[in-house]
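This is what each chain is made of:
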Amino acid sequence: VVEKLTTSLGEYERRARGLLPSELFDRWFGSRDDPLWLTNTNNVDGYDRVFLRPRVLAAEPAVGLSTAVLGIDVDSPVYLAPAGAQGRFNPEAELASARAARSAGTIFALSSASTYSMEEVREVSDGPLLFQLYVLKDRGLTSELVKRAENAGYAAIIVTVDEPATRSGERDGASNALRESRQPKGLKSHTPTTPFGNLRGTGINSEEDMLDAMEARLNWAVIDWIRGITDLPLIIKGIQVPEDARLAVDHGAQAVVVSNHGGHSLNGAYPTILSMPEIVDAVAGEAEVHLDGGIRRGTDVLKALGLGARAVAIGRGMYWGLAVGGEGGVKEVLDVLQEELYLACLFCSVTDIRAVDRTLVRLPR
Ligand SMILES: Cc1cc2nc3c(=O)[nH]c(=O)nc-3n(C[C@H](O)[C@H](O)[C@H](O)COP(=O)(O)O)c2cc1C
């Protein structure tokens, strides 16, 4: 069989880096081995510390990559993570990403801080959509966002809990030029005048306004309040330790996302892939466990599934695809991961990813 693959997420990263102003690239994605982005580097490197245990002589004619995520049938366990302000990278922004996810047969998660509104995204895609909620100090506005997501047919609410509305002064300092001019060179037409489509008319008109508007002191009572205002499935994103995973389940979450915000928040956090075993054990099958952070290869996806993930999400890979090729770029990024996952399954005699379990991986003692 001739390999169809001609590119990789690494290649997309290189191309995106070449296209984007360096302040923008560095502030949003960080660089490998930059001490300010240690958590991202560790997320990526974490996969090198997990090994596959390929079985042989167990092949069957077909390899199945489809699965169900919160009851939604998908063609691939890789979905698009909620990630804000995609209009900085392509004028079609989330419309392009949502379309790409739909044509790849997978889920698109829309950020609270998206360029386009949740209704506008729904208009261009009849595929499965999830809405990511940043809890705002204004609880009235917060519950309005949840109601709008329900009305627009979003399938679940992802509450992101690892973003205490603060910024690393050092990381921002390195990109002051970016903060001052909201229109980095070369991206003029891509920088929308109203940055947050979901928040038009609320007075939240800049990243600084958004940070001010966000609830910085979240607790489980807030989760209980959200649980009480919607019947949609609840996904808690930003879980990093088993104690919190357990609490999330006890507070009514249908899924947790093991995530450290792609290394955007705390420096020095544990690689998400290596947190999986203890978190999966704590959840004990009572909720789905998803993972994001550092997924760059199909083998990374397979390792995550082996450690108990129902699905994984990509952030940076989506942005790189968007910057390089809009909808087609995001689609190719999803296709590449799917193709790589398919090949990894062939090598490991996996015929149905839903049947993958911990016997597929080996963790060094
Ligand atoms: C530039 C950027 C913006 C992001 N914006 C959001 C956001 O608005 N909401 C959210 O829940 N997570 C956000 N994230 C985190 C992603 O959902 C995801 O956790 C992370 O990107 C996964 O790691 P990866 O980039 O290595 O794939 C953002 C990540 C990046 C890189």
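Residues numbered from 1 in each chain as written. Predicted model: local features only at pLDDT ≥ 70, side-chain atom pairs only at ≥ 80, totals over all residues. Heavy atoms only, no water.

1. Digging into the environment of Ile229
Argument step 1. Inspection of the secondary structure assignment puts Ile229 in helix H10 (residues 220–229).
Argument step 2. Not counting residues within four places of it along the chain, the set of residues in contact with Ile229 comprises Ser143, Val146, Lys147 and Glu150. (Helix = DSSP H or I, 4+ residues; strand = E, 2+ residues; numbered from the N terminus. Contact = heavy atoms within 4.5 Å.)

2. Re the pattern of salt bridges
Between side chains of opposite charge, pairing is possible as soon as their charged atoms come close.
Argument step 1. Going through the model one piece at a time under the given rule, you end up with 17 salt bridges.
Argument step 2. Note that Glu340 and Arg297 form a salt bridge whose closest N and O atoms lie 2.7 Å from each other. Of this pair, Glu340 sits in helix H14 (residues 316–347) while Arg297 sits in the loop between strand E10 (288–292) and helix H13 (298–306); the two residues are 43 residues apart in sequence, bridging distant segments of the chain.
Argument step 3. Classification of Glu340 as buried rests on a relative accessible area of 10%.
Argument step 4. Note that Asp352 is salt-bridged to Arg354, the shortest N-O span being 3.2 Å. (Salt bridge = Lys/Arg side-chain N within 4 Å of Asp/Glu carboxyl O. Buried < 20%, exposed > 50% of the residue type's maximum accessible area, 1.4 Å probe, protein only.)

3. Quick notes on the site of the ligand
Argument step 1. Surrounding the ligand, one finds 22 residues, the nearest of these being Pro82, Ser111, Thr160, Asp292 and Gly294.
Argument step 2. Take Ser111: an N or O atom from its side chain is 2.7 Å from an oxygen atom of the ligand.
Argument step 3. The contact in question runs from a nitrogen atom of the ligand to an N or O atom on the side chain of Tyr134, over 3.0 Å.
Argument step 4. For the ligand, whose unbound accessible area comes to 600 Å², protein coverage reaches 97%.
Argument step 5. Taken together, the residues of the shell around the ligand sort by class into 7 nonpolar, 11 polar and 4 charged. (Near = heavy atom within 4 Å. Polar contact = N/O pair within 3.5 Å; in protein donor to acceptor, adjacent residues only side chain to side chain. Areas by Shrake-Rupley, 256 points an atom, 1.4 Å probe, with all protein chains shown as cover. Nonpolar A, V, L, I, M, F, W, Y, C, P; charged D, E, K, R; others polar.)

4. Thoughts on unusual backbone geometry
Argument step 1. Although it is not a glycine, Asp33 sits at a positive phi angle of roughly 70°.
Argument step 2. On the accessibility criterion, Asp33 (57% relative accessible area) is exposed.
Argument step 3. Of note, the phi angle at Ala93 is positive, near 45°, even though the residue is not glycine.
Argument step 4. Residue position: Ala93 is located in helix H4 (residues 93–103).
Argument step 5. The class for Ala93 is buried, based on a relative accessible area of 0%.

5. Thoughts on the side chain of Thr115
Argument step 1. Within the secondary structure layout, Thr115 lies in the loop between strand E5 (108–110) and helix H5 (118–124).
Argument step 2. Owing to a relative accessible area of 7%, Thr115 belongs among the buried residues under this scheme.
Argument step 3. In this structure the side chain of Thr115 is engaged in a polar contact, spanning 3.4 Å, whose partner is the backbone nitrogen of Gln86.

6. Looking at the packing of helix H6 (residues 139–151) against H10
Argument step 1. Running from N to C, H6 and H10 cross one another at 40°; their axes reach a closest spacing of 11 Å. One finds that H6 runs oblique with respect to H10. The hand of the H6/H10 crossing is right-handed. Residues Arg139, Thr142, Ser143, Val146, Lys147 and Glu150 of H6 touch H10, and the partners they reach there are Val222, Trp225 and Ile229.
Argument step 2. Among the residues making up the contact of H6 with H10, the classes are represented as 4 nonpolar, 2 polar and 3 charged. (Axes fitted to C-alpha atoms, helices over the stretch in contact; angles between N-to-C directions. Parallel < 35°, antiparallel > 145°, perpendicular 65-115°, else oblique. Left-handed = near helix turned anticlockwise from the far one by under 90°.)

7. Some points on the pairing of strand E6 (residues 129–133)
Argument step 1. Here E6 lies mainly inside the structure; 5 of its 5 residues are buried.
Argument step 2. Of the two faces of E6, the one lined by Leu129, Phe131 and Leu133 and the one lined by Leu130 and Gln132 are each fully buried.
Argument step 3. Pairing of E5 with E6, which is carried by 3 bridges, proceeds in the parallel orientation. In the sheet register, Phe108 faces E6, and the bridge partner there is Leu129. (Pairing = 2+ DSSP bridges.)

8. Re H6
Argument step 1. The terminal C-alpha atoms of H6, which comprises 13 residues, lie 18 Å apart, in line with the 18 Å expected from a rise of 1.5 Å per residue.
Argument step 2. Among the residues of H6, those classed as buried are Leu141, Thr142, Leu145, Val146 and Ala149. Projected onto a plane normal to the axis of H6, the buried residues spread over an arc of 145° and lie on a single side.
Argument step 3. Buried residues belonging to H6 abut H5, E6, strand E7 (157–160) and H10. (Expected span 1.5 Å × (residues − 1). Arc of directions from axis to C-beta.)

9. Describing the packing of aromatic side chains
Argument step 1. Considering all chains together, one arrives at 8 aromatic pairs under this definition.
Argument step 2. Ring geometry for Phe29 against Phe89: centres 5.6 Å apart, planes inclined by 40°, an arrangement best described as tilted. Here Phe29 is found in helix H2 (residues 22–29), whereas its partner Phe89 is found in the loop between strand E4 (78–80) and H4, with 60 residues between them in sequence.
Argument step 3. Where Phe29 meets Trp320, the ring centres are 6.1 Å apart and the plane angle is 75°; that geometry is what we call edge-to-face. With a gap of 291 residues between them, Phe29 in helix H2 and Trp320 in helix H14 connect regions that are remote in the sequence. Each member of the pair, Phe29 together with Trp320, is buried.
Argument step 4. Clustering of aromatic rings is evident, with ring pairs tying together Phe25, Trp28, Phe29, Phe89, Tyr319 and Trp320.
Argument step 5. Between Arg15 and the ring centre of Tyr12, over which it is positioned, the NZ or CZ distance is 5.4 Å. (Phe/Tyr/Trp six-rings, centres within 6.5 Å; stacked < 30°, edge-to-face > 60°. Lys NZ or Arg CZ within 6 Å of the ring centre and 35° of its normal.)

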